[in-house]
Amino acid sequence: MKNKLPSLLKSQLIKSTLILLVLLIFTDSYSQNQQKYVWKEVTVEGGGFVPGIQFNESEKNLLFARTDIGGSYRWDEENKRWIPITDSFDNQNDMGNVSIATDPSDPNRVYIATGLYYQSWWGEMGSVYTSIDRGKSWSSVKLPFKIGGNTPGRGAGERLRIDPNKNNILYLGSQKDGLWRSEDYAKTWKRVEGFPFKNISFVEYLKSSGKTSEATPVIYIGVYDHVSQNKLEPAIYRSSDAGKTWQAVPGQPLKLEPKPLDSSQTKATFPMSCVANRVAISGDNMYIAYGNSIAADGDYELSFPGNHVINGAVYKFNFKTGEWKNITPSPKSMGGYAGVSISPQNPDMVAVITTCRWWPGDEIYISSDKGQNWKSVLYKADSDTSYKATLDHSKALYAGHGHRPHWTSDLKIDPFNSNRAIFVTGYGVYICYDFMKALEDNPTTWVFENAGLEETAPLEIKSPPSGPYLITALGDIDGFSHYDITISPPGGEHTPHKGTCRSIDFAANKPEIMVRTHDKGDTSIASYSLDSGKRWHEFPSQPSKRLRLGQNIAISADGKIILWAPEKVGVFISSDLGKTWKKCTGGIPADIKPVADKVNPYRFYAKENSSGTLFVSRDSGQAFTYYSAILPKGDGNIEAVFGEKGHVWAACGVGGLWFSKSEGMKFKQILNVTVCKQVTF
């Protein structure tokens, strides 16, 4: 099951694990109280894409993980959990982590390249953060270009690398703006003008080519400019003079051989260029994991055949002889390759992982003879959907409910313990503590090890007065009913599974009645529950055949009226749990978020952010009237108050925070709140 957002949609959706909630405690006269809060994460364990992991090469058990929208984490070996190291970042853009680098010369020093998007519609430039205390505190510098932690190719890398012989030197390969270099521990950056390519997949040093305290002369860079042009050109370039000049590595493969793909495509009819997603070096050999496009899922912005990863190969390149050898473990299976790792304890031991092999699922292969022969690790055979390995989801049961490892873009063998290996997925990481069993073709156990690593994409959250403590609508993984927010829900996600859940609500006076919208369904892209979210049922009908996304939904305080605003088609009302629908009148715009009064079942509210217009229905949503420009323009939600008839609060972005006790006829501003994106109770 592929539980990531469709790629195009995902780039348009600015996801963040940091929802800015303005939680205000007021007396009856709405004067503010001073109260100290202690904030902790709601426990899911995982839930989002972890594109990369990095072991420190000189200190045992020092391990970092980066995520695409949820920052980075450091592994706590004693407690077997992840410590968030970027929660102090106050800019949403910095939650996208493109690459992470841990310094083998100074294990206290770690760097992160941050940025969510590089597209033209995104205004924020990238940054590089530096910590000299393993992520407890940070300094940062802005880059003159954008980078995208939540964009195509985030599973490749690593792009930010420290010179292993002279650690004041770093290289950063951008996704759209070429190669950059720092010589002062990432304080300043300059473009490497002699490097002609813009799209970079990895940076790798050949440490053995240099001397301590001198810049390493041999550097390898992966590029993928040629993919957008559908050209068969080199994907790996080398400098032998510490970055002054660059040449394509001779003899490298330029084309992937056609192979059977799936039942609908027998063979690829177009040329497939090579993209080197990740590499690993040991002794005289470099191992390269290729795909026909950038990992994990290709570059959906490129309009050419094969922009998704459907093919790949693994090669071994010998530095001394210049020989390239195809050592692909499974030449005929679909999908590409991304992660590759070598055991420093046993240099003959090599492991690779596939990416985008949707059937029977992504696989790990292991070799004890430098890639001459391979054994599968996860499955009994390439064509068998039965697991050989055990996937242990006891710490987060949702991960075992219909999920198979996917978006597996990185794999690492612990440099100090060949028995431990770790790989990433689109919903968290798995760690194996008996990896060497796989060398003898014996079953291994992989633990879904994500305590402390929280990376969901909350699109709406609610706290009912009874039943579950918290209900959530999440991107990619449906959402949860949390009866205990300190543990991953033992019941798993909302079922049946629908992927991205966009909106969720409950009846204030009958909270066991709930509604939600989602992106896919057999009959409808919205559902209802009569038992506090334990069982969900799709609406028997939906108001239009043109529905694509579920968008916004609300339910009246008594649970009798449902207002649904699907994407681009208007606002609709049902009084029979979705058997029939009719359109609301009064000129209420499409895509607007309806909100029910928490006491009066006849009242609904909605706010148009672009104009500040407030829409109010006093007849259970049959019709809406509006008050033109009663609120400031600005993005933000509105919310009604439990137990308070006609009390409405409005978050207006830079327009601040406002409240009404008169069903929205008059509003008063909270003067000491300057920016408010969301308000809830």
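Preceding block: the structure.
Each value, and the rule that gives it
Residues numbered from 1 in each chain as written. Predicted model: local features only at pLDDT ≥ 70, side-chain atom pairs only at ≥ 80, totals over all residues. Heavy atoms only, no water. Disulfide = S-S within 2.5 Å. Phe/Tyr/Trp six-rings, centres within 6.5 Å; stacked < 30°, edge-to-face > 60°. Buried < 20%, exposed > 50% of the residue type's maximum accessible area, 1.4 Å probe, protein only. Lys NZ or Arg CZ within 6 Å of the ring centre and 35° of its normal. 1 Å grid on protein atoms, 1.4 Å probe; cavity = no way out; pocket = protein on both sides within 12 Å on 5 of 7 lines; lining within 4 Å. Points joined across faces, edges and corners; volume = space filled by probe spheres on them. Nonpolar A, V, L, I, M, F, W, Y, C, P; charged D, E, K, R; others polar. Helix = DSSP H or I, 4+ residues; strand = E, 2+ residues; numbered from the N terminus. Polar contact = N/O pair within 3.5 Å; in protein donor to acceptor, adjacent residues only side chain to side chain. Contact = heavy atoms within 4.5 Å. Pairing = 2+ DSSP bridges.

**A few points about the state of the cysteines**
Next up, step 1: Following the criterion strictly, the structure yields zero disulfides and no others.
Next up, step 2: Not engaged in a disulfide, the cysteine Cys652 finds its nearest cysteine sulfur in Cys676; these two sulfurs lie 8.1 Å apart.

**A few points about the packing of aromatic side chains**
Next up, step 1: Per the stated rule, a full pass over the model turns up 36 aromatic pairs.
Next up, step 2: Consider the rings of Tyr129 and Trp138, whose centres lie 6.3 Å apart with planes at 80°: the pair is edge-to-face.
Next up, step 3: Relative accessible area serves as the criterion here: at 10%, Tyr129 is assigned to the buried category.
Next up, step 4: Connected via pairs of aromatic rings, a cluster forms that spans Tyr398, Phe423, Tyr427, Tyr430, Phe435, Trp446, Phe448 and Phe480.
Next up, step 5: Positioned above the aromatic ring of Trp536, the side-chain terminus of Arg516 is 4.8 Å from the ring centre.

**Some words on the layout of surface pockets**
Next up, step 1: Considered as a void within the structure, the second largest pocket measures approximately 970 Å³ in volume.
Next up, step 2: Considering the residues around the second largest pocket, the lining is formed by 36 residues, among which Glu57, Arg161, Glu204, Ala280 and Ile281 are closest to the centre.
Next up, step 3: Each residue belonging to the lining of the second largest pocket can be placed in one class, and the counts come to 19 nonpolar, nine polar and eight charged.

**Examining unusual backbone geometry**
Next up, step 1: A cis amide bond links Gly157 with the next residue in sequence, Glu158, at an omega value of 0°.
Next up, step 2: Locating Glu158 in the fold gives a position in the loop between strand 8 (139–142) and strand 9 (160–162).
Next up, step 3: Positive phi, normally seen in glycine, also occurs at Lys568, with a value near 70°.
Next up, step 4: Considering the arrangement of structural elements, one finds Lys568 in the loop between strand 40 (562–565) and strand 41 (572–574).
Next up, step 5: The class for Lys568 is exposed, based on a relative accessible area of 62%.
Next up, step 6: The backbone of Asp591 shows a phi angle near 70°, a positive value even though the residue is not glycine.
Next up, step 7: Positionally, Asp591 belongs in the loop between strand 42 (582–583) and strand 43 (595–596).

**Examining the side chain of Asp434**
Next up, step 1: Relative to the helices and strands, Asp434 is located in the loop between strand 30 (428–432) and strand 31 (445–448).
Next up, step 2: Within the structure, the side chain of Asp434 is placed 3.1 Å from the backbone nitrogen of Thr445, a separation counted as a polar contact.
Next up, step 3: For Asp434, the residues in contact, after removing those within four places along its chain, are Asn419, Pro443, Thr444 and Thr445.

**Some words on the pairing of strand 3 (residues 72–76)**
Next up, step 1: When you tally the buried positions in strand 3, you get five out of five residues, the bulk of the element.
Next up, step 2: Here strand 3 shows no split at all, with Ser72, Arg74 and Asp76 on one side and Tyr73 and Trp75 on the other all buried.
Next up, step 3: Bridge count for strand 2 (residues 63–66) against strand 3 is three bridges, and the pairing is antiparallel. Paired with Ala65 across the bridge in strand 3 is Tyr73.
Next up, step 4: The hairpin formed by strand 2 and strand 3 contains five residues between the paired strands, and Gly71 there has a positive phi angle of roughly 80°.
Next up, step 5: With four bridges joining them, strand 3 and strand 4 (residues 81–84) adopt antiparallel strand pairing. Of the residues in strand 4, the one forming a bridge with Trp75 is Trp82.

**Regarding the sheet that holds strand 39 (residues 552–555)**
Next up, step 1: Reading across the sheet, the four strands line up as 39-40-41-42 and stay open at both edges, with antiparallel pairing between neighbours. Unpaired on one side and paired on the other, strand 39 and strand 42 mark the two borders of the sheet.

**Focus: the sheet that holds strand 43**
Next up, step 1: In space, the four strands of this open sheet follow the order 43-44-45-46, with antiparallel pairing throughout. One side of each edge strand has no neighbouring strand; the edge strands of this open sheet are strand 43 and strand 46 (625–627).
Next up, step 2: Judged from the five bridges that link them, strand 44 (residues 604–608) and strand 45 (residues 613–617) form a sheet pairing that is antiparallel. If you follow Ala606 over to strand 45, its bridge partner there is Phe615.

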